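Residue-level structure breakdown
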Amino acid sequence: MAISRVFTLLLLLFTVFNLSHSLYEDQVGLMDWHQQYIGKVKQAVFQTQKAGRKRVIVATEENVVASLDLRRGEIFWRKVLGAKDAVDEIALALGKYVITLSSEGSVLRAWNLPDGLLVWESILTGSESSKSLLVVPETLKVGKDSVILVYSCGSLHAVSSIDGEVIWSKDLAAEGILVQQLIYNDENDLVYAVGFDGESKFHLYQINAKNGELLKHNSAAYPGGFSGEMLLVTNDRLVTLDSSRATVVAVEIREEKIVFEPTQVSDLLQDVSGTAILLPAKLAGIFAVKVNAVILFVKVTNDGKLELVDKLDHTVAVSDALSFSEGQQAFALVQHEGSKIDLTIKLNNDWSSNLLKESINMDQDRGVVQKMFINNYIRTDRSYGFRALLVMEDHSLLLVQQGEIVWSREDSLASVVDVTTSELPIEKDGVSVAKVEHSLFEWLQGHLLKLKGTLMLATPDDIVAIQKMRLQSSEKSKMTRDHNGFRKLLIVLTRAGKVFALHTGDGRIIWSQLLHALRKSGSCESPSGLKLLHWQVPHHHAMDENPSLLVTGRCGVTSDSPGVLSIIDAYSGKEVKSFGSIHSILQVIPLPYTDSKERRLHLVIDDVKRGHLYPQTPEAVEIFKSEFTNIYWYSVEENNGILRGHAVKSNCVLDVADEYCFETRDLWSVVFPSETEKIITTVTRKLNEVVHTQAKVIADEDVMFKYISKNLLFVATVSPKATGEIGSVTPEESCLVVYLIDTITGRILHRMTHHGSQGPVHAVLSENWVVYHYFNLRAHRYEMSVIEIYDQSRADNKDVLKLVFGKHNLTSPVSSYSRPDVVTKSQSYFFTHSVKTIAVTSTAKGITSRQLLVGTIGDQVLALDKRFLDPRRSINPTAAEKEEGIIPLTDSLPILPQSYVTHALKVENLRGIEVIPAKLESTTLIFAYGVDLFFTRLAPSRTYDSLTEDFSYALLLITIVALVVAIFVTWILSERKELQEKWR
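Fair warning: this is a prediction, and the values are worked out from it, not measured in the lab.

The tendency in soluble globular proteins is for nonpolar side chains to be buried side by side. Judged by nonpolar contacts, the single largest core of 36 residues is most densely connected at V58, L389, F927 and L933. Other than its neighbours up to four places away in sequence, L389 contacts A44, F46, V56, V58, K371, M372, F373, L397, L398, L399 and W407. Formed by 24 residues, the second largest nonpolar core is a distinct cluster that contains V683, Y774, L777 and I789.

Following this line, the structure appears as structure tokens:
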């Protein structure tokens, strides 16, 4: 009886402990982290006039409208608009609404200033696309409605700021002009629309702002023509450039006529000549014009003459004018002086004196200031102070006040273009006694707190301490490798050309580097990052060398623009070597060869199909030439509908000898008929994917051999008419065709047609299968299809006796030139979601079952078991198939709420999912990026090879002690009972 009571008590304790461990509130952030960003700011409006939270409203290049706290830079609220809903203008109305004009001026919205809720939305229509202009007059009213003036889609609209109703609309496109500026005159409620007719005629329309009536129309021709840009300098004067951009034309608007005052740029400054560009800064009485590397500040006098005020270096940034006192306006200039920037505030009417001048220390890795917005405040001594919001070259955002950086935001991380990983350094031996004692004390203290939490004895302070201890775990954030491979460096490349290293433990930035070769402030125009690749990965014995990465970029927007290569240290971010303004970069092929310094060879293909070898060393050339016959690659010409296979031919024949340049030759080509097919998607396997076994055991102990080839390419084509939006064609006009092609020979291994289907197609290729997502026009639903390909040439290897006596062909070499005997299995399923991207889990040995990672239209990541996409599923599977794990066939794929990897979080504007295998076979690391970043760990088959992090060692210790005590007590009771029986 005593023994049974003891074990009953132990069972009860286990039950209570298990119930307590089913709570997950204190486990938030243990294995994942989520970071929110907004992107590069292009417009900003300050709201600091009323009492309450002071904020700045921004619109960014990532189509985000956000409200930021002026004190700390944190996001109060943000709204991420669609990919085709770019914000054109923002403004404040009535002190409580944020007005945004987006989608090329066709959508006008009002957001509630405190919380960002949508108040109203108005769709503006017109006859043709045009420049978008937004004016919010403070005094203009029609009845009781305050009016917003919008020029978009070729029409001028007056919209109520209360409910978004269009009060009146005037079509100006019918008049044949392109409006460049709207000028509102609050004295007589008139609005002036000025613009050009073609290239030589200037037009002025005078319109009643209350009813849209056209009152007057003036026009004048200028023989030199116009370039198209225009700036408003005063209420009656504008400036523009002639068609040659060598003359500044001042336009004066008088009551009855339009007067032109041309001035040659060379007359403003004798030593300056070249093409002029008007800077978009909105100043009063002054404008800025850039000529070559010089910025000229020009004043328009009362008689319409142009007078040079100052000339500055081209790296200067200029803000718009700010009205800060009655009748006074100021603007700001920023100049770079070494490691500092000089911020100067000047009055519009007094260039010679400075209202404020400050010098601020600035990190050189941020580049130059590209945009600036200023705001004023009243100091305690009742004088005026100024703060400046700076948008840097690396897309970061800073607030500067009183000579200091108040806060900064790394919003370049909202535009990640490529991701790779790097292992952390190995932990060195030798730890001090004090560190061991400190770690032991923390360990005991932590487990004591965990024990109190398990026994439900923890106070609120203890719960906070437990959460803080877990979130800031020293093991989680250490800068050394762990035996499970969870701690790594995530190396990300952004569109600005800046490289970041993020720690997978907590997402903090370890280092960042804006590549010098990709700086617009240098000689690189329109810089952009392209690709991240591993350059050097030293083995464990090379402890004195750090791994390095190859970063590729481009200086320009076209494929023939000059390329940039940079090699950076993965641990420090230091730029080791840079190749600037080299040949164009069309494709980068990492080769499976390394030199004696463990640097990986790369072949860079330019726009004329020449190959350039890196690293450029004699040893690399020798290795490359010895492997000439084993180097193949392919290219895709989507516009022409052609796939081509290539190989190396010989060294380039150039005027200047280049032993690292190689001519290429075409091996094969696949031409798709342009009348019926257009390439929309191509997908290949990941180079580092590991396949555990080629054999797949199926029902009845049969074996099928997977067709495993790294040269397999998935291609999807659609009818040319079906390349538009979903539903733009009928099912009879649309057809989706998919191919599996060998990229060495160009041989088509499999072809399948989906009639009445349309893209976009998102696909993932892994092992011997491909899964792709598309839209079925006939069923009006999205579908997912799977194709598995098997190698029939190895079917004879099923005989065990042949395996025993060595009469098999498992070790025979595999060649793409031998015609494969393949068989495919396929199946299609309905899927309820639209998809943005698809990836697949990957583990160290490839043993763990795989899951599909689906980036949904809701910007979340869904984990879908690959077994649901097994083409062998049937309605009534046999007993052997059930034993194998075949799931009964259904027409739709199930979506469980628990399957969302991102939980309730969103990765706004989700663009990609990167999968990184951990050393622990059961676990894979997942990194999703868009405007936000999200990282987590996933175990597709659960953690069968390790204990979970929340495993209670204290509970295990208590259990062992309880069992020892129970054994001792039962032994005593047993001895006592035996003694009593002997005395009877």
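Below, the discussion takes up unusual backbone geometry. With an omega of 0 degrees, the peptide bond between Y614 and P615 qualifies as cis. By the element assignment, P615 lies in the loop between strand 46 (611-614) and helix 6 (618-626). With an omega of 5 degrees, the peptide bond running from G759 to P760 counts as cis. By the secondary structure assignment, P760 is in strand 56 (residues 757-766). With a phi close to 65 degrees, K609 is a non-glycine residue in the positive phi region. Mapped onto the elements, K609 comes out in the loop between strand 45 (600-605) and strand 46.

Quick look at the packing of aromatic side chains now. Enumeration over the complete set of coordinates arrives at 23 aromatic pairs. Each ring, one from F775 and one from Y782, has its centre 4.9 Å from the other, and the planes form 75 degrees; the classification is edge-to-face. The two residues F775 and Y782 agree in class, both being buried. Ring pairs connect the aromatic residues F196, F202, Y222, F226 and F260, which therefore count as one cluster. Above the face of the F830 ring, R781 is positioned so that its terminal group lies 4.2 Å from the ring centre.

Locating F831 in the fold gives a position in strand 59 (residues 822-831). In this structure the C-alpha to C-alpha distance between F831 and L893, which are 62 residues apart in sequence, comes to 5.7 Å. In this structure F831 touches H773, Y782, E783, M784, V854, L862, L864, L893 and I895, once residues within four positions along its chain are discounted.

With that out of the way, let us pick up the sheet that holds strand 22 (residues 258-264). Judged by pairing direction, the sheet is antiparallel, and its four strands sit side by side in the order 19-20-21-22 without closing on themselves. In this open sheet, the two strands that pair with only one neighbour each are strand 19 (230-234) and strand 22. In this sheet, neighbouring strand axes are inclined to one another by 25 degrees on average, regardless of whether the strands run parallel or antiparallel. Pairing of strand 19 with strand 20 (residues 237-241) involves four bridges; the strand directions are antiparallel. Pairing of L231 across the sheet is with V239, part of strand 20.

Calculation rules
Residues numbered from 1 in each chain as written. Predicted model: local features only at pLDDT ≥ 70, side-chain atom pairs only at ≥ 80, totals over all residues. Heavy atoms only, no water. Core = buried A, V, L, I, M, F, W, Y, C linked by side-chain atoms within 4.5 Å. Buried < 20%, exposed > 50% of the residue type's maximum accessible area, 1.4 Å probe, protein only. Contact = heavy atoms within 4.5 Å. Helix = DSSP H or I, 4+ residues; strand = E, 2+ residues; numbered from the N terminus. Phe/Tyr/Trp six-rings, centres within 6.5 Å; stacked < 30°, edge-to-face > 60°. Lys NZ or Arg CZ within 6 Å of the ring centre and 35° of its normal. Pairing = 2+ DSSP bridges. Axes fitted to C-alpha atoms, helices over the stretch in contact; angles between N-to-C directions.

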